[in-house]
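# Inside the fold
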2 protein chains.
Amino acid sequence: MEAGDDTPGTQGRPAGGYARSPLPRDKGAISKLIKEKISVLFQPSGRRGEIKAGKTVLQAAQELGVPLESICGGKSTCGKCKVRIQERGLEKSDFSGTRLSPLTPEEKKFISPDERKLGYRLGCMVQLYEDTLIFIPEESRGTQQVIRKEAREIPVDLNPAIKAHYVELSPPSLKEPLADFERLQSALHRSYGLADLSIDWPALLVLPQRLRSEEWKVTAMVWMDREILDVLPGKVEDYYGIAVDIGTTTVAVYLCSLRSGQILSSGSLMNPQVAYGEDVMARITYAMVNPQEGLTRLREAIIDGLNTLIRNTSEAARVSPQSILEMTVVGNTAMHHIFLGIDPQSLGISPFAPALHRSQNLKARDLGLKVHPSANVHILPIEAGFVGADNVGVLISETPYQKGEMSLIIDIGTNGELVLGNNRRLLSSSCATGPALEGAHLRFGMRAAPGAIERVRIHPETLEARYKVIGQEKWSDECLPEELQSRGICGSGIIEVVAEMFRAGILEKSGRFDGKRSSPRLRRNEKGQEFVIAWAGETAIGQDITISLSDVRAVQLAKGALYSGARIMMKKLGVNRLDRVVLAGGFGSYVDPERAMILGMFPDCDLEEVVSVGNAAGDGARIALLNRGKREEADRVAREVEYIELTAYPEFAMEFAEAMLFPHMKDPFPHLEGILKK
Amino acid sequence: MEAGDDTPGTQGRPAGGYARSPLPRDKGAISKLIKEKISVLFQPSGRRGEIKAGKTVLQAAQELGVPLESICGGKSTCGKCKVRIQERGLEKSDFSGTRLSPLTPEEKKFISPDERKLGYRLGCMVQLYEDTLIFIPEESRGTQQVIRKEAREIPVDLNPAIKAHYVELSPPSLKEPLADFERLQSALHRSYGLADLSIDWPALLVLPQRLRSEEWKVTAMVWMDREILDVLPGKVEDYYGIAVDIGTTTVAVYLCSLRSGQILSSGSLMNPQVAYGEDVMARITYAMVNPQEGLTRLREAIIDGLNTLIRNTSEAARVSPQSILEMTVVGNTAMHHIFLGIDPQSLGISPFAPALHRSQNLKARDLGLKVHPSANVHILPIEAGFVGADNVGVLISETPYQKGEMSLIIDIGTNGELVLGNNRRLLSSSCATGPALEGAHLRFGMRAAPGAIERVRIHPETLEARYKVIGQEKWSDECLPEELQSRGICGSGIIEVVAEMFRAGILEKSGRFDGKRSSPRLRRNEKGQEFVIAWAGETAIGQDITISLSDVRAVQLAKGALYSGARIMMKKLGVNRLDRVVLAGGFGSYVDPERAMILGMFPDCDLEEVVSVGNAAGDGARIALLNRGKREEADRVAREVEYIELTAYPEFAMEFAEAMLFPHMKDPFPHLEGILKK
């Protein structure tokens with residue numbers, strides 16, 4: 001496909017996409033009509049902006065910060081990004097050669113002939129070549145993901161790596177012609193005791209003019225008491241940092257003031273790498289089978305995504321990206337390697353040796369991140385082949401190594417990461433859970449955003465369901481359910497639903513639907529058996545929100561992996577009971593400990609001692625952002641924790657099979673008995 | 001000139017040039033005929049290569065490493081780069097719109113109508129748009145500058161910043177899955193005692209694949225025992241460094257083996273910044289009056305020039321630029337600032353404060369230098385506003401701070417730099433000498449290259465002159481003078497000529513021609529008085545090689561500045577006599593101490609104690625390249641030397657006026673008397 005590179009339609013599109021979205025053959029005819037930049041207007045938000053011609057609606061929405069749902073990450077497999085192309089698009093929606101890319105076979109699967117007439121298209125498929133007005137229907141409106149971590153108060157001593165030091169210098173004279181840098185350094189030494197400072201090259205380049213234009217009154221931004229990153233005019237009141245958690249499925253960032261430690265804004269999006277593979281192994285494979293460009297594409301995808309989040313969060317907080325002077329990053333080993341541009345191949349092959357463990361400090365400009373070019377990006381250390389910097393983030397946030405009690409920490413993501421231990425010894429391990437517990441890959445799964453069902457109760461006799469959605473205080477039986485504008489089920493919601501279905505007897509211990517129960521909500525159609533949580537009339541999407549057998553199976557696989565991992569680690573440590581269980585992960589979705597226990601996500605424990613902490617990995621990134629001493633702690637604990645490879649244990653397969661059942665095939669759950677009887 | 005940017009003819013041309021070389025107005029007609037790349041063949045060298053269309057012959061010659069004389073640095077003011085455009089150029093030399101840029105008014109000054117018919121053009125003016133054969137006539141053939149420093153043996157303990165450490169690692173296993181970097185680090189610790197190593201990002205990116213493809217047998221290239229710059233396959237036998245001396249007029253580089261310390265090749269060229277100003281102040285002014293692009297252009301000019309030298313010297317030494325892992329750089333303060341991209345403005349205004357003094361370490365990739373991208377570029381520290389890293393190079397090469405005797409070191413360049421002192425106290429200062437002593441700006445001045453007259457003797461009675469050229473053993477009276485192929489006079493030659501003219505009585509003490517002397521060699525024409533060193537018939541250029549009154553005046557100004565500087569420093573130190581005088585500078589041209597004394601370049605001293613050391617600044621760069629301990633010494637001495645600003649002394653003007661005379665208006669020269677009587 002030699003000529004493909006300059007085909008206008010492929011501009012900015014991930015490669016995974018364009019094989020599915022063939023362009024009109026007559027390139028010449030089109031290229032004459034192509035504008036370099038086009039205007040788009042999104043409704044109902046009214047957001048307007050310029051984009052490169054040839055971009056998809058989804059890309060345009062991401063660039064302009066318009067929320068558009070995209071569960072599959074632009075792979076045209078979820079059909080959740082339906083949009084209506086309005087102005088002038090209507091009459092030409094079958095593509096007359098100028099305005100839109102033609103309807104793809106994938107779109108035909110999701111868009112009915114009637115919808116086509118109305119101008120409906122998939123946002124991830126349709127490419128724009130002229131000024132366009134796009135309407136995003138309610139069900140496709142990806143609202144800003146809720147990151148509830150803002151609510152969680154973490155006690156952190158504020159001691160950021162960056163400090164702002166104001167100085168007034170005496171100007172040079174023929175008698176005292178000391179150079180500008182040495183003059184600044186001696187003032188910083190006099191006033192703040194800083195010695196042996198270096199200066200980042202770009203800061204040196206502006207130094208002479210800056211000192212003179214500011215009449216020798218400036219603020220030096222100093223990193224780790226050793227490098228001047230910039231010299232700013234006058235007194236600097238506030239400056240900022242961003243903590244980043246790169247999950248396999250979701251990327252979250254927290255923009256913090258480094259003066260107050262407060263979170264000023266936060267944001268998240270689907271990891272754009274999802275287009276190249278849904279889990280870690282798929283992405284490693286993608287990099288392996290595309291040795292020339294695979295890694296580059298994966299890396300550019302995450303860098304672009306982070307730049308979008310940087311732009312959006314700094315706009316929301318009304319701060320300039322230039323005043324963001326520090327970033328901390330956590331992520332699993334593969335995300336870590338790809339972010340750094342390291343080929344992740346060796347992570348995909350036994351013995352899964354990573355390229356390095358230790359933490360790294362790199363310049364934002366070298367990584368391509370659009371904050372202050374001299375900003376330092378601190379990437380936390382990793383533990384082992386599959387236990388990455390995200391787990392180190394969990395560790396410095398939960399600090400099991402400071403406690404005498406035996407803790408099990410379960411970090412739920414596309415990969416589940418487990419830590420077991422106390423102040424004497426810590427083990428870590430990793431298992432594949434799939435994206436179900438993050439709300440992805442379920443028929444009505446969605447991210448933790450307003451409208452997502454997060455709590456469910458099912459009456460054991462009537463099988464009536466009531467629910468609560470994110471962003472609303474009331475349950476569906478406390479108001480008109482349509483007021484809740486429910487749109488789908490988030491990760492913590494799916495745990496509730498399945499646990500409640502099991503408790504109400506809709507599901508058997510094996511996960512099958514109990515054929516003896518009957519209710520209007522329980523039905524069997526061409527897609528198999530399903531249970532209705534919310535009726536079409538109550539929802540914002542005009543469809544029944546249901547849970548199918550395959551959704552239940554996805555949850556069983558995930559929880560089985562976690563449970564069996566915990567069992568093997570307990571054996572290895574010689575531990576029979578857990579003092580404490582910490583449930584982390586699932587961005588913004590707090591897992592209900594009781595329902596997690598009903599499902600059997602972990603071995604028995606006093607329910608009082610099971611806590612749900614949300615995105616602890618992201619908390620760890622934020623802690624390391626706000627307190628540089630925590631970085632040393634992270635380096636130390638990353639070296640000390642012992643990684644165990646679960647698949648190296650012959651008993652793992654059997655443990656896994658037994659743990660698939662609700663709550664387990666044979667393990668006793670003394671603490672659960674009272675609950676199940678309720 | 002909005003449209004000028006994409007005018008094909010301006011590609012790659014310095015801005016200073018294109019105002020003088022207007023392009024045909026009909027851009028459309030030309031652009032259709034433009035090829036992106038064209039082939040050029042230089043004769044008689046036979047060198048062939050591809051260049052971008054629109055480049056000048058001079059640029060093409062520089063790119064392909066073909067020696068073409070260019071005293072003025074491409075400013076079309078010296079007329080020394082005359083070339084003959086041959087193939088198909090002949091019939092179209094008046095420019096028919098396709099092949100060459102049109103003849104400029106500047107070219108008309110140097111090229112006679114007869115020459116035009118033969119296809120002569122100025123290499124710096126004529127731009128090429130089609131495949132072309134170019135003949136370089138003898139007089140324009142810039143031969144490789146002689147850098148005699150290769151001959152100078154400097155005792156340096158070989159202790160380069162880069163060391164090559166071979167290691168064999170055990171591959172990872174499930175039981176021992178340590179990360180690649182930590183595995184390498186522990187092997188380096190075990191075998192070589194290296195701890196706390198970091199790794200440069202690009203090296204980390206290749207590490208996993210490199211270790212595996214090389215079966216865990218690699219050589220780590222470690223900088224300063226602290227950073228791994230690269231991990232190379234198997235055992236590395238040799239690796240290289242380049243020492244760079246950026247002079248205002250001439251740039252010199254020395255490619256050394258870091259295993260043996262030997263110079264493998266060396267090269268020099270006219271500093272391409274000459275196109276923007278001949279001396280330091282002119283270039284600072286250029287940067288000031290072109291605030292947007294001036295500095296960028298100056299910086300790109302020197303980086304391009306260095307990349308040409310890197311390419312040429314590594315080709316000559318048959319080493320890959322990728323295996324050059326370290327560079328050291330010296331230069332005066334302005335060259336230092338521009339090289340780093342620092343606006344030199346404050347150097348041009350009293351109190352002449354530089355941006356920084358301390359030495360810098362930067363990555364070659366950040367500077368745009370085409371050696372190994374992870375190579376460290378060490379820029380030596382500077383002393384003061386006008387005493388730069390070049391002088392620090394002289395200091396660590398001559399080490400006056402280790403000696404009890406009172407030394408005066410004169411570093412002759414476009415700026416003269418002076419050091420006076422001993423192991424108790426050291427002073428430095430700077431004065432403007434102009435480029436005359438580097439062989440530039442004289443009617444027949446040239447760089448120190450084969451054919452350059454470097455030694456001259458004039459019989460005091462007959463006024464007959466005999467001379468010796470670089471590259472030949474015999475004097476002109478020991479062979480047929482035409483065998484010597486003389487082409488001009490180099491910097492050391494001009495000192496000899498003027499000293500001999502004075503000693504022979506051709507010049508008076510004031511520098512005027514003595515009207516009472518007569519000889520066929522002494523004549524007055526429309527250009528004023530002149531003395532013939534070599535007759536046209538003897539030379540390779542077919543013209544008399546002469547010295548004019550204005551050439552003599554240029555030498556007087558230069559030597560007067562140096563002498564008066566030395567006097568003021570001696571007063572400041574309370575010193576009446578010099579134990580030792582060191583003459584440095586003038587790339588490749590060894591100044592004859594006796595003749596320098598006859599001219600009065602410095603106060604009286606025992607001639608036995610006057611030594612000529614050539615390019616000591618370049619030696620210093622080389623010493624710092626080969627021995628990292630010398631870098632610390634350089635940092636220390638740069639801090640300790642006391643800079644004095646000569647122009648701040650009211651007596652400077654009077655001293656200068658008196659010192660313009662040969663050898664001086666009134667100072668006694670007891671050590672000279674015997675010599676002058678010879």
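Okay, so let's go over this structure. In this text the structure is predicted, and so the values were computed from the model without any measurement. (Residues numbered from 1 in each chain as written. Chains lettered and ligands numbered in written order. Predicted model: local features only at pLDDT ≥ 70, side-chain atom pairs only at ≥ 80, totals over all residues. Heavy atoms only, no water.)

Let's shift gears to the packing of aromatic side chains. Each aromatic ring pair is summarised here by two numbers: the centre-to-centre distance and the angle between the ring planes. One pass over the full model with this rule turns up eight aromatic pairs over all chains. Ring centres of phenylalanine 502 of chain A and phenylalanine 662 of chain A lie 5.3 Å apart, and the angle between their planes is 40°; this geometry places the pair in the tilted category. Of this pair, phenylalanine 502 of chain A sits in helix 13 (residues 491-503) while phenylalanine 662 of chain A sits in the loop between helix 18 (652-659) and helix 19 (670-677); the two residues are 160 residues apart in sequence, bridging distant segments of the chain. Just as phenylalanine 502 of chain A is buried, phenylalanine 662 of chain A falls in that class too. Aromatic side chains tyrosine 563 of chain B and phenylalanine 669 of chain B sit 6.1 Å apart centroid to centroid with 40° between the ring planes, which places their arrangement in the tilted category. With tyrosine 563 of chain B in helix 14 (residues 549-573) and phenylalanine 669 of chain B in the loop between helix 18 (652-659) and helix 19 (670-677), this residue pair connects regions lying 106 residues apart in the sequence. We note lysine 235 of chain A situated over the ring of tyrosine 166 of chain A; from NZ or CZ to the ring centre the distance is 5.0 Å. Of note, lysine 559 of chain A hangs over the ring of tyrosine 563 of chain A, and the distance from its end group to the ring centre comes to 5.7 Å. (Phe/Tyr/Trp six-rings, centres within 6.5 Å; stacked < 30°, edge-to-face > 60°. Helix = DSSP H or I, 4+ residues; strand = E, 2+ residues; numbered from the N terminus. Buried < 20%, exposed > 50% of the residue type's maximum accessible area, 1.4 Å probe, protein only. Lys NZ or Arg CZ within 6 Å of the ring centre and 35° of its normal.)

Once that is clear, we can look at the interface of chain A and chain B. If you look at the interface, chain A gives 40 residues, while chain B gives 40 residues. Between chain A and chain B, roughly 3,300 Å² of surface is buried when both sides are summed, and carbon and sulfur atoms account for 64% of that area. For the interface between chain A and chain B, the tally reads zero salt bridges. Between chain A and chain B we count 16 residue pairs in polar contact (both at pLDDT 80 or more) in total. A total of seven residues in the side of chain A that touches chain B trace back to one element, the largest contributor, which is helix 7 (residues 201-213) of chain A. Grouping the amino acids of the side of chain A that touches chain B by side-chain chemistry returns 22 nonpolar, 10 polar and eight charged. (Contact = heavy atoms within 4.5 Å. Buried area = accessible area lost by both parts, 1.4 Å probe. Salt bridge = Lys/Arg side-chain N within 4 Å of Asp/Glu carboxyl O. Polar contact = N/O pair within 3.5 Å; in protein donor to acceptor, adjacent residues only side chain to side chain. Nonpolar A, V, L, I, M, F, W, Y, C, P; charged D, E, K, R; others polar.)

Before going further, it helps to examine the state of the cysteines. Under the definition given, this model contains zero disulfides over all chains. No disulfide involves cysteine 431 of chain B; its sulfur sits 18 Å from that of cysteine 605 of chain B, the nearest cysteine. (Disulfide = S-S within 2.5 Å.)

On to the packing of helix 12 (residues 389-398) of chain A against helix 17 (residues 629-640) of chain A, then. The relative placement of two packed helices is expressed as an angle between their axes plus a distance between the axes. Residue and element names in this part refer to chain A. As a packed pair, helix 12 and helix 17 sit with axes 10 Å apart at the nearest point and diverge in direction by 115°. Handedness of the crossing formed by helix 12 with helix 17: right-handed. Packed against helix 12, whose contacting residues are Val392, Leu395 and Ile396, the element helix 17 presents Lys630, Glu633, Ala634, Val637 and Ala638 at the interface. Its residues assigned to classes, the contact of helix 12 with helix 17 shows six nonpolar, no polar and two charged. (Axes fitted to C-alpha atoms, helices over the stretch in contact; angles between N-to-C directions. Left-handed = near helix turned anticlockwise from the far one by under 90°.)

Once that is clear, we can look at the environment of proline 373 of chain B. All names here are of chain B. If you trace the backbone, proline 373 turns up in the loop between helix 11 (364-367) and strand 15 (376-379). Look at proline 373 and you get partly exposed, because its relative accessible area is 30%. Along the backbone, proline 373 and proline 321 are 52 residues apart, and their C-alpha atoms lie at a distance of 9.7 Å.

Glancing now at a nonpolar patch on the surface. Residues and elements named next belong to chain A. Taken together, the side chains of Met288, Val289 and Ile349 make up a nonpolar region of the molecular surface, amounting to roughly 260 Å² of accessible area. In this structure, isoleucine 349 sits in the loop between helix 10 (333-340) and strand 14 (360-363). Judged by relative accessible area, which is 43%, isoleucine 349 ranks as partly exposed. (Patch = residues over 30% accessible without salt bridge, like charges linked within 9 Å, V, L, I, M, F, W, Y side chains within 5 Å. Areas by Shrake-Rupley, 256 points an atom, 1.4 Å probe, with all protein chains shown as cover.)

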